[in-house]
Structures are given as C-alpha cells and as structure tokens.
Amino acid sequence: MIAGLLRWTWAHAGLVFLLSACTFASAGTPTATPPPAPPTATPVPLAARVNGEGIALADYLSEIGRFQQAHSALGTDLATMGDYQAQVLQSLVDQELLSQGARASGLTVTDAELQARMGELAADAGGVEALGAWLAENDYSAESFQSAVAEEMQAQAMVENIASQVGESADQVHARHLLVSSREQAEALRQQILAGEEFALLARQFTLDLTTRPAGGDLGWFPRGVLLTPEVEAAAFALAPGDVSPVVESILGFHVVETIERGEHPLSPSAAVRLRELAVVDWLSAQRESAVIEILVAP
C-alpha cells in the first residue's frame with residue numbers, strides 16, 4: 001500500500017508539472033507553486049482518556065507485560081487472576097486522576113526532586129548500569145522510565161495531600177465483644193450479661209476470638225472503617241455507652257457487643273494509617289464518578 005501511494009504521489013506530481021508547463025507556455029509567465037503543507041502528525045494510539053488526557057496504548061501494553069512478568073516470576077498462574085488487564089488499566093486511570101488532582105492543587109515535582117529520585121533508584125538498583133539493565137528487561141527506555149517516575153511522584157504528592165487532611169483524632173467508640181459459633185449460644189450469653197454476669201468474664205470463657213480473649217473481648221478504641229467485621233463496628237456505633245447489642249451475625253459467627261464509652265479520641269497509629277488509606281480510596285471513588293473516563297481498548 002505504501003509503494004502504491006508513493007507511485008500515485010509521483011504520478012500526481014508529474015501531472016502538476018505538466019499542467020504548470022502548459023500554463024507557462026501559453027501565458028508566457030511562470031506560475032509560482034505554493035510550498036507543500038507540512039505533514040499532519042499521526043495521533044498516538046490510546047488505551048484510555050481521562051478528562052481529555054490520554055493514556056498511551058504503548059504504555060498500557062508495557063504495563064501489562066511488566067505485570068505478567070512479575071507474577072510469573074512469583075509462580076502465579078495468570079489464568080487464576082481474572083481480568084487483570086482491566087485492573088492494570090484501572091491503576092493507570094487512578095494514577096492519572098491523582099496526577100490531575102495534584103496539578104489542580106498546585107502540587108508540582110521540580111526537576112531537582114525528579115533527578116534526586118532518579119539517583120536514589122539508580123543507587124537502589126546497584127548503579128546506573130544495573131538500572132539500565134533493569135530498564136531493558138522491563139520494557140522501559142530511559143525517557144519513558146523518567147516520565148513514569150515523574151508521574152508517580154506527582155500522584156504520590158496528591159496521596160499525601162489527601163492523607164494529611166485526616167486529623168490526629170476522630171469520633172471513636174471503646175467497645176468489647178464475644179464471638180461464638182451459634183446464634184443460640186450467643187443469645188444465651190447475652191441474657192446472662194443482661195442479668196448481671198460480667199461481660200469480660202464470659203468473653204474469657206467462651207469467645208472464639210483469640211486476639212481479644214485475654215482482655216475479656218476488649219476491642220479498644222476505634223473509629224468507623226477500621227474493624228474487619230463491619231457488622232460489629234456498626235453495632236458498636238449504634239449503641240449508647242453501657243448498652244449491649246442484640247446478637248450480631250458476621251462472616252465469623254455470632255457476636256454480642258457492648259459499647260463502653262464514645263467520644264473524640266486520639267487515633268492509634270494503625271487506625272490513623274487505615275483512615276488515611278480510606279480517605280484516598282474515597283477521593284478516588286468520587287473522582288471516578290465525576291470524571292470523563294473513556295476506555296478505548298476492548299475488554
């Protein structure tokens with residue numbers, strides 16, 4: 001097809017030349033030929049567009065290759081991972097959303113910061129030559145890798161900005177629970193508690209939660225979004241201090257919950273980390289809802 005196009009172009013040029021020659025012969029005055037228009041840039045194929053900004057198809061395919069290589073090295077059967085291509089693309093979309101958020105918030109990565117980070121990565125790899133070998137193995141050019149690092153640094157700046165908005169304290173409850181395998185046993189223990197039996201004593205005797213058994217089922221202080229059993233968390237926040245819940249069913253079994261106290265309380269280090277993670281997740285969820293995201297590759 002390219003050869004055919006070239007043949008047509010030369011034939012067309014010859015025709016123009018002949019027509020120009022006829023005009024010159026008949027009119028006696030040379031006719032100026034306008035310079036050819038510059039070639040139109042070929043659009044870069046895209047995997048997605050996020051608020052009008054493209055994610056290059058080549059970058060997406062390279063990221064798929066790196067994902068496959070990394071998991072194959074770990075002995076993971078990729079056939080068991082479901083639609084990991086969609087997961088990789090979603091990760092690239094999320095990074096683009098974070099980068100856009102950083103720019104909108106005035107967060108920038110200076111060239112000095114980028115070069116310092118590149119130096120750190122080279123040192124971590126064992127030197128510039130070792131980093132170059134790693135880039136070749138992972139389908140990066142020096143330019144594409146530096147661009148990817150800059151994008152990641154900008155996204156990370158936005159993550160830190162979102163996380164910094166989580167305070168040092170939050171509305172929390174101090175609660176305890178006991179866990180058993182049947183609703184009947186849970187109800188029987190609940191009735192004993194309501195009749196005056198000590199909650200902590202029954203929890204030490206009967207709870208299946210080995211992590212809280214020594215402390216009589218005490219879960220400590222926690223904010224919303226931290227417990228692995230959301231049903232227990234919801235029950236604790238629904239109770240007034242001193243109240244005991246109805247039997248609560250979760251994937252682990254059947255619980256009885258008591259809220260001991262509630263109020264603004266300093267976050268534990270683990271709770272602070274979790275709330276900062278949730279803040280980023282919530283921010284991204286809201287951005288996905290409001291952004292114009294076009295997926296341009298087949299599922």
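Scope of this entry: the structure provided in the associated data block. The structure displayed is predicted, hence computed values, not measured ones.

## Thoughts on the sheet that holds strand E6 (residues 253-266)
1) Next: Here four strands make up an open sheet; going across it, the order is E4-E3-E6-E5 and the pairing antiparallel. The open sheet has two free edges, formed respectively by strand E4 (218-222) and strand E5 (248-250), since each of these has just one partner strand. Each neighbouring strand pair of the sheet contributes to a mean axis angle of 40 degrees, computed without reference to strand direction.
2) Next: Bridging between E5 and E6 involves three bridges; their strand directions are antiparallel. Paired with Glu249 across the strands is Phe254, a residue of E6.
3) Next: Relative to the sheet, helix H8 (residues 199-206) contacts strand E3 (169-180) and E6, its axis offset from that of E3 by approximately 55 degrees.

## A short note on the environment of Ile64
1) Next: Structurally, Ile64 can be placed in helix H2 (residues 57-73).
2) Next: Relative accessible area serves as the criterion here: at 9%, Ile64 is assigned to the buried category.
3) Next: Those residues in contact with Ile64 that lie beyond four places of it in its chain are Tyr84, Gln85 and Val88.

## A few points about H8
1) Next: Buried residues of H8: Phe199, Ala200, Leu202 and Ala203, and no others. Angular distribution of buried residues about the axis of H8 spans 160 degrees; they occupy a single face of the element.

## Re the nonpolar core
1) Next: Within the largest apolar cluster, 31 residues are counted, with the highest numbers of intra-cluster contacts made by Tyr60, Leu98, Ile162 and Leu267.
2) Next: Every element with two or more residues in this core is listed here: strand E1 (46-50), H2, helix H3 (84-104), helix H6 (142-163) and helix H10 (269-290).
3) Next: With eight residues, H3 is the largest single contributor of residues to this core.
4) Next: Sequence-distant contacts of Leu98, that is, excluding residues within four places in its chain, are made with Ala155, Met158, Val159, Ile162, Trp283 and Leu284.
5) Next: Formed by twelve residues, the second largest nonpolar core is a distinct cluster that contains Leu189, Phe199, Ala203 and Phe254.

## Things to note about the layout of surface pockets
1) Next: For the largest pocket, the calculated volume is near 910 Å³.
2) Next: What lines the largest pocket is a set of 33 residues, among which Glu63, Leu92, Gln95, Tyr140 and Ala148 lie closest to the centre.
3) Next: With nine residues, the single largest contributor to the lining of the largest pocket is H6.
4) Next: Grouping the constituent residues of the lining of the largest pocket by class yields 16 nonpolar, eight polar and nine charged.
5) Next: Elements supplying a minimum of two residues to the lining of the second largest pocket: E3, E4 and H10.
6) Next: In terms of residue count, the dominant contributor to the lining of the second largest pocket is E4 (three residues).

## Brief notes about the sheet that holds strand E7 (residues 293-295)
The strands that make up a sheet pair up through hydrogen bonds in the backbone, lying either parallel or antiparallel.
1) Next: Read from one edge to the other, the open sheet built from three strands follows the order E2-E1-E7, with strand pairing classed as antiparallel. Taken across any chain shown, the strands that pair with only one partner, and hence form the sheet edges, are strand E2 (53-56) and E7. Across this sheet, the average inter-strand angle for adjacent strands is 20 degrees, counted without regard to direction.
2) Next: In this sheet, E2 lies alongside E1 in antiparallel orientation, the contact comprising four bridges. Bridging across to E2, Ala48 finds its partner in Ile55.
3) Next: On top of the sheet, H2 reaches E1 and E2; it is set at about 45 degrees to E2, its chief contact.

## Concerning the packing of aromatic side chains
1) Next: For the structure shown, the criterion picks out five aromatic pairs.
2) Next: Both rings, one in Trp134 and one in Tyr140, keep their centres 5.9 Å apart while their planes meet at 25 degrees; by these two values the pair is stacked.
3) Next: What makes Tyr140 buried here is its relative accessible area of 19%.
4) Next: Note on Phe222 and Phe237: the rings are 6.2 Å apart at their centroids and 75 degrees apart in plane angle, and the pair reads as edge-to-face. Taken together, the residues span a long stretch of sequence, with Phe222 in strand E4 and Phe237 in helix H9 (residues 230-238) at a distance of 15 residues. Phe237 matches Phe222 in its accessibility class, with the two residues each being buried.
5) Next: Taken together, the ring pairs connect Trp134, Tyr140 and Phe145 into an aromatic cluster.
6) Next: Stacked on the ring of Tyr140, the Lys or Arg Arg66 has its end atom at 3.8 Å from the ring centre.
7) Next: Directly above the ring of Phe237 sits Arg224, whose terminal nitrogen or CZ lies 4.2 Å from the centroid.

Calculation rules
- Residues numbered from 1 in each chain as written.
- Predicted model: local features only at pLDDT ≥ 70, side-chain atom pairs only at ≥ 80, totals over all residues.
- Heavy atoms only, no water.
- Pairing = 2+ DSSP bridges.
- Helix = DSSP H or I, 4+ residues; strand = E, 2+ residues; numbered from the N terminus.
- Axes fitted to C-alpha atoms, helices over the stretch in contact; angles between N-to-C directions.
- Contact = heavy atoms within 4.5 Å.
- Buried < 20%, exposed > 50% of the residue type's maximum accessible area, 1.4 Å probe, protein only.
- Arc of directions from axis to C-beta.
- Core = buried A, V, L, I, M, F, W, Y, C linked by side-chain atoms within 4.5 Å.
- 1 Å grid on protein atoms, 1.4 Å probe; cavity = no way out; pocket = protein on both sides within 12 Å on 5 of 7 lines; lining within 4 Å.
- Points joined across faces, edges and corners; volume = space filled by probe spheres on them.
- Nonpolar A, V, L, I, M, F, W, Y, C, P; charged D, E, K, R; others polar.
- Phe/Tyr/Trp six-rings, centres within 6.5 Å; stacked < 30°, edge-to-face > 60°.
- Lys NZ or Arg CZ within 6 Å of the ring centre and 35° of its normal.

Just geometry here; none of it tells us what the structure is for.
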